Structure formats: structure tokens, C-alpha cells
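Examination of the molecular architecture
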Amino acid sequence: MAGLKTASGEDIDGSFELRVEVEEGEAGEAVGQGEAVGQGEAVGQGEAVGQGEAVGQGQPAGPPVAPRVLTLCVTGDLHVGGLLRLIVDTFGEPRDWSDHALWWAQQRRWLLTPGPTLDALGVGGGSRLLFTPRHRPLRLRLPAGGVLRLRLDFAGTPGRAAAMVCGLLGIRHPEELSLLRPERDEGRGGRGPKGRDPTRDPPDLDLTHLRARADEAPPPALPPELLQPLRTPKFGGRDPPGASRSPPGNPLLRRARLHAGWLDVGRSLLEQGVAEDEELLLRFKYPCAMGLDPQDEPRVALLQEQALGALLAEEIDCSEEQGMLFAALQYQIEGEEWGDGGDPQDPSEPQDLDTALDKLELSLGGSGTPAPVEELGAPLELEEELEISRPSPWPFRGSRPTRAVLSGSSLSLWTPPGSGGTQQQLNLRGCEVTPEVDLGAQKFGIKLRVPTPGGMSETLLRCRDPPQYARWVSGCCAASRGGSPSAAALRAEIRGVLGVLGVQPDRGDPPGTPSRPPPDPRRLLPPRFQRRIKAKQFAPRLLEVLQRVGPLSPPQARLRFVEAWRALPGFGLGHFVVRFRGAGRDEVLAVGPSRLLRVELGSGAVTRSWSYSDLRQWDVNWDSQQVRLWLSGDVTLGLRVLSAPPRVLHQFLGGYLALGGHPRDPHELRRLMEGGYDP
């Protein structure tokens, strides 16, 4: 009912007309109905969607329905809750509106609190309100390149969205992760707004048929077999690499542009302009801030995938030797895909003391089925004819066929019968094993440097072909370590060596089974190292590092990869281009897990560093966009952030302090994580 009006048409009772657009959701879909995540049934049992197929709902969702416009007569003392009830009553159709909320388009804010009145909020006749669903489809690209499509709360913050995704993926400590906008690809045509591509591929896993619970409880984790499409490597989310070229431009500027894309953790997704079905990146913003737990395999796997992508994209610097170490570890990780990951039930190192005691009890005739002899680590024995080359003194000169027997850690060599049948015995425990391989000349050698009372004694074993070389180099490495690996672990190591050499091992697979391709430096090395290490040099060097690292199961290799990533000097640094007060040129402020670095933009040299113990406090002037840092020794630094909003720098500082174990008030920690309050 319209209010009383004067002759000029003005309202006497203060009422006014308010237009509200009601978005009903997608065609053929009952908003709020369907299956709720975690309500009694296990998620993902035959319901997960892969390759764009709609599973669990029967029919794919149709195009969005045009919003219906309602004209309501309201007064300024009407509160938000009363307005919601008025909208539902005026609409007239009984349905579940629990997922709908009011969105104020001009102010770009949600009206979620039911208590405030329209006058208190400033809502008038010219305001444009939308009664719209909160949960909408969004695409998230994981570090390995897999795309997950699901419904997220657009009225919630990126932190809540990351927590829901981590619950589905079974990842602990979701506070380490956040959402990142991908960099715009200016050279790619046909891209729509917000970086969307109308011709993009379907998602690897589609969970849009799952509904959020009304109590917003965390969802249960999906079964591991359903998450496998997300963990299949896709070159770190990029197209397959071509030429060995480093990304153009200043590397510090590239990293600064990357960190400028983090979403504000204190504002909702819709407030930051995130569009429906837009593609964002799920990344660790504060990697390893909560430490590493070997038992937390999903989190370690996601960390390793992000570390690999950062190394291949040259987002972090490493030396050539470190690059080869990462390549060797990644090669062992990829062996899981081709069945070369060893025996997961019998790793070379027990995971904990209880597991080792249980295996000992079984082997001593306790309860349960006794383990086969080969799984208990029977002594290693190899006996073949090799060519041995040793410097003088040696019973024979040069290189000639010799019978060699490797038993445990002892290597016995016999000269030919015509030379007297002299025997030499070497103890290989603790010796250095170095591959001497030339694939072009088809030469396969193993250099042994054995410690003796007179110094290091060198012996070169020459093998006739790759299979013999793989057997003996694996056996010598096992003898050098002094252990007795199981037959399954030794077979896995032999298959790995043959894979590096480009030889398909005979595993009794049926015809037509795809074989593991030889190691590709484009997938394992950063571009700047691909130019230095030729293709013929890569396999021998990879073999050398693999022998030094030793056989590792894929979980062990992932953990070792992340630990080596953490040891790099640039680990966890967030780069920001700033202009310090009184300085005449732009510089870079790098925010790390435990320190602040002042870096020259042109040379990359660190001119000054401060630990967080030197940082007493900081503040941000939201009007002038200036940041001030108070350091110990009465030092005050003023700066202006040029590459990103100052709130991003504020959140990096607060996040590392909040997650770094510094004793602070919980409300203060939340304020630091969300970036403070505007005045």
C-alpha cells in the first residue's frame, strides 16, 4: 500500500518505493535443494563429476533465469530482516530461500545483518538491491594444473572458501592458503572479462551438484581415488613447454606482479569483483608456516606441486646443483604414475617405531602371516662377468673381463684363470659410487672410490649394456649404504635407472602397455638451466644425482623436495615494489617468514635486512596509502607501495606474524590476518 502523498507527489509518512531484483538461480534447479555436503552420506561415492559431466543431479544446470523485479513500498525504519520477509511474501512462490541474501550493487556490499534499519544503512529509493544466491560456481586451478569446479559462498571471504576446499581435499591448516588471480595473458585472444576464456576446457572434477550445509560445518574429505584427476601433472597449469626461454622482463617485477593478485582476505568474493564461474588459483600464501608433518601427505603433495611450479616458472632462484637435485626428486615422484615407486607396503625406512616393531614381530613368528624372505631384505647377491679397470698396482694391466661377485657389502674380483686366478676383495660400505655413462658412445661405467688405510682406491666397472649397468649400479649403491634392501625396492631402483637411460624394463606387462618416456629436461629443469645442460648430458648427470640421493618412495621424495625448497634463500618471500621516503628510485621490499629485505630493483642485491624481532609495530594511512615501519633503534621507515594495494603488504606482514608463533591476542591475530580496519 502506497503512503500518503502531497499534491506535489511527496510522501507524507516517509515511505518510498524500493526496487529489488530477485535472482532465482539457474533454470531447472531448485535453489537450496539437492544433496548437502556431509549430511549422513559419504561425499564422492559415484557422485563426483569429471570432465564436465553432471553426476548426481541427472540433468546439467541450464542458463540463468532473468531476474524478476519487485517494487516494494517501505519506510526507513524497516530493518533488513523485515525487508527479507517482505520480499519472500511479495514473490508468492513457496521455495527454499535459505541461500539468498541482499546485495547492494552501488555500494558493493552485502546486507547480511538483519538488525540495522534502511535509514541507518543509507538505503533509499534510488538504491539498487539484488536478492541473489550466495553460493555460485567457481573454478579453482590447483598447483599441478587440475581444475576443480564447485559452489562457494560469494558472501564469504577467500579464507572461508579456502577452508572449504581444503576440507574436501583433506588438507590441514587451511589458513596457509588463499586465492590468487592469474596474470592476464595479453597475447592470447578470445578472452572474456575477468580473464575468462569461453573456449576453455571442462574441469577435471566438477562438484557443483553438492550443496553447502546450513550450519556451515566443514565438509568431509573426498575419497583419494576421486582426487586423482586433480593431481595428474599438467606442466604446473601451463601449456606444454616449448623453447627453453626464461620469462621476459625483470624477475623481481614479475614476482611483484604475481603477489599483487592475492585477494583481500578481509572482504567477500563478490565485493572484490569475482565473477561467477571465474577461474582463480588456489595457492599457499604462507607456505610451511605451520611446519611439516610427514603423515600429512595431501598437504605435502600440494606444497610439492606448488614448489615445482615456482621452480619451473623461475619464481624462485636456485643454483644448477640444486636444480639437478629437484629434477632427480621429481623424477622419483613421477615414478608413482608408471609403477616405479617401489613397494609402498615395505618402504626402505619404517615410518615410525610402531611400524618397525610390528614388522619385527611378524618376522619372528608372531601373530599374522610371516613375511616372505625377499620382503625381509635378504642379502644382495650379484655374480656376472665385468670389465674391471684399476690403476697400478693391480694383478693385471688395462681392462679385461673379470668375474665379479657382489654379496652384501663385499665385492670380490677374480682375474681370468690363465692369469693365476688371483682374488681381490673390496668392502663397499661407505664408498663413493659415481656413474660414468656416455649414451652417445653406449659406454656404461661405474666408478668406485673405496676408502682404504692408504687413501681412496679407485675401481672402474664397465658394463656391456644398460640392464647390466642398472643392476650393478643399484647393487653398489645399496652396498655403499650398508643396508639390505628388499627385492621389491631393488627392482624399483633398477627400473628407475633404466628409465633415465631411456630403456623400457621388462616387467611382464601385456602388449600395448604405455612405457615410461625418458626424462625430459623441459619438465624437470628451469629454462635457464636447459640452455646450459645439453640433452646428452642430462641423463648422466641425473643418474649421478639419483645415486647420491638414493631410492625414495614418492611420499619420501615429496617431503625431501619440500624440505629442499624451504632451504632456498628466496623461499616464502612476497615481493612489493615500493618507494621509500627520501629515496630517489623504486626499490623492492621482500616480506619473508622471519625477516624483511630491502632489495635493489635493478641488480637484485639485498641492501638491508631486518628480523621480525626488530619490527616493533607498523601502521597504514588508508587515505594517503602510506605505510610506516617502526624498527628497533628508533628507526622509522616510510614507504608507498607501487605494485599492489597497501592492504596486501599489510596482510603479508600480519599473516607471517600471526602464523609464526608470536604470542598475541587472538583478536589481534585475526585483525592482522584480515588486514586491519579502515578508518
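These numbers were taken from a predicted model, which means no experiment stands behind them.

Note on placement: Glu314 falls in the loop between helix 6 (297-312) and helix 7 (320-334). Residues contacting Glu314, with those up to four places away along its chain left out, are Ser246, Pro247, Arg254, Arg255, Pro526, Pro527 and Arg528.

With respect to topology, seven strands assemble into an open sheet ordered 23-22-21-20-26-25-24, the strand pairing being antiparallel. Both outer strands of the open sheet, strand 23 (606-611) and strand 24 (615-621), are each paired with one neighbouring strand and no more. Averaged over all pairs of adjacent strands, the angle between strand axes in this sheet comes to 30 degrees, irrespective of strand direction. Two elements, strand 24 and strand 25 (residues 626-631), share six bridges in a ladder whose sense is antiparallel. What sits directly across from Leu615, in strand 25, is Leu631. Contacting strand 20 (574-580), strand 21 (587-591) and strand 22 (595-600), helix 5 (residues 251-259) runs over the sheet at an angle of about 105 degrees to strand 20.

With that settled, consider the pattern of salt bridges. In the structure shown here, the tally under the stated rule is 31 salt bridges. In this structure, Asp293 engages Arg172 in a salt bridge whose closest nitrogen and oxygen atoms are separated by 3.4 Å. Placement of Asp293 in the loop between strand 12 (279-284) and helix 6 and of Arg172 in the loop between helix 3 (158-169) and strand 9 (177-180) is noted, with a sequence separation of 121 residues between them. Residue Asp293 is classed as partly exposed on the basis of its relative accessible area of 30%. Here Lys447 and Glu436 are joined by a salt bridge, their closest N and O atoms 3.5 Å apart. Of the two residues, Lys447 sits in strand 18 (residues 443-452) while Glu436 sits in strand 17 (residues 432-438), which places them eleven residues apart along the sequence. A relative accessible area of 26% means that Lys447 is categorised as partly exposed. With a relative accessible area of 36%, Glu436 lands in the partly exposed category.

Moving on: helix 15 (residues 646-659). With 14 residues, helix 15 extends 20 Å from end C-alpha to end C-alpha; this agrees with the ideal 20 Å at 1.5 Å per step. With 14 of its 14 residues buried, helix 15 lies for the most part within the structure.

Our focus in this paragraph is the state of the cysteines. Chemically, a disulfide is nothing more than a covalent bond linking the sulfur atoms of two cysteines. Scanning the model with the defined rule gives zero disulfides in all. Its sulfur unpaired, Cys463 is 8.2 Å from the next cysteine sulfur, which belongs to Cys476. Unpaired in this structure, Cys477 has its nearest cysteine sulfur neighbour in Cys476, at a distance of 7.1 Å. With a relative accessible area of 4%, Cys477 lands in the buried category.

Right, let's get into the sheet that holds strand 1 (residues 15-22). On the basis of which strands lie adjacent, the open sheet formed by five strands has the order 3-1-6-4-5 and mixed pairing. Because the sheet does not close on itself, it has two edges, and the strands there are strand 3 (68-75) and strand 5 (109-111). Ignoring which end each strand starts from, the neighbouring axes of this sheet average 35 degrees apart. Where strand 4 (residues 100-104) meets strand 6 (residues 129-133), five bridges bridge the pair, whose relative direction is antiparallel. Along strand 6, the bridge assignment pairs His100 with Pro133.

Bringing the environment of Val165 into the picture now. Structurally, Val165 can be placed in helix 3. Classification of Val165 as buried rests on a relative accessible area of 0%. Along the sequence, Val165 and Leu282 sit 117 residues apart, while their C-alpha atoms lie 9.1 Å from each other. Contacts of Val165, omitting those with residues within four sequence positions, involve Leu140, Leu148, Leu150, Leu152 and Leu282.

All right, on to empty space enclosed by the protein then. Across all of its chains, the model carries four cavities of 30 Å³ or more by this definition. Reported here for the second largest cavity is a volume of approximately 80 Å³. Of all the secondary-structure elements, those providing two or more residues to the lining of the second largest cavity are helix 4 (228-231) and helix 6. Take the lining of the second largest cavity: its biggest share by element is four residues, from helix 6. Across the lining of the second largest cavity, the residue classes break down as eight nonpolar, no polar and two charged.

As a further point, take the packing of helix 10 (residues 487-500) against helix 13 (residues 535-549). For the pair helix 10 and helix 13, the least separation of the axes is 9 Å and the interaxial angle reads 160 degrees. Between helix 10 and helix 13, the angle falls in the class roughly antiparallel. In the packing of helix 10 onto helix 13, the handedness of the crossing is right-handed. Residue-level contacts link Glu493, Val497 and Val500 of helix 10 to Ala539, Leu542, Leu543, Leu546 and Gln547 of helix 13.

Criteria and cut-off values
- Residues numbered from 1 in each chain as written.
- Predicted model: local features only at pLDDT ≥ 70, side-chain atom pairs only at ≥ 80, totals over all residues.
- Heavy atoms only, no water.
- Helix = DSSP H or I, 4+ residues; strand = E, 2+ residues; numbered from the N terminus.
- Contact = heavy atoms within 4.5 Å.
- Pairing = 2+ DSSP bridges.
- Axes fitted to C-alpha atoms, helices over the stretch in contact; angles between N-to-C directions.
- Salt bridge = Lys/Arg side-chain N within 4 Å of Asp/Glu carboxyl O.
- Buried < 20%, exposed > 50% of the residue type's maximum accessible area, 1.4 Å probe, protein only.
- Expected span 1.5 Å × (residues − 1).
- Disulfide = S-S within 2.5 Å.
- 1 Å grid on protein atoms, 1.4 Å probe; cavity = no way out; pocket = protein on both sides within 12 Å on 5 of 7 lines; lining within 4 Å.
- Points joined across faces, edges and corners; volume = space filled by probe spheres on them.
- Nonpolar A, V, L, I, M, F, W, Y, C, P; charged D, E, K, R; others polar.
- Parallel < 35°, antiparallel > 145°, perpendicular 65-115°, else oblique.
- Left-handed = near helix turned anticlockwise from the far one by under 90°.

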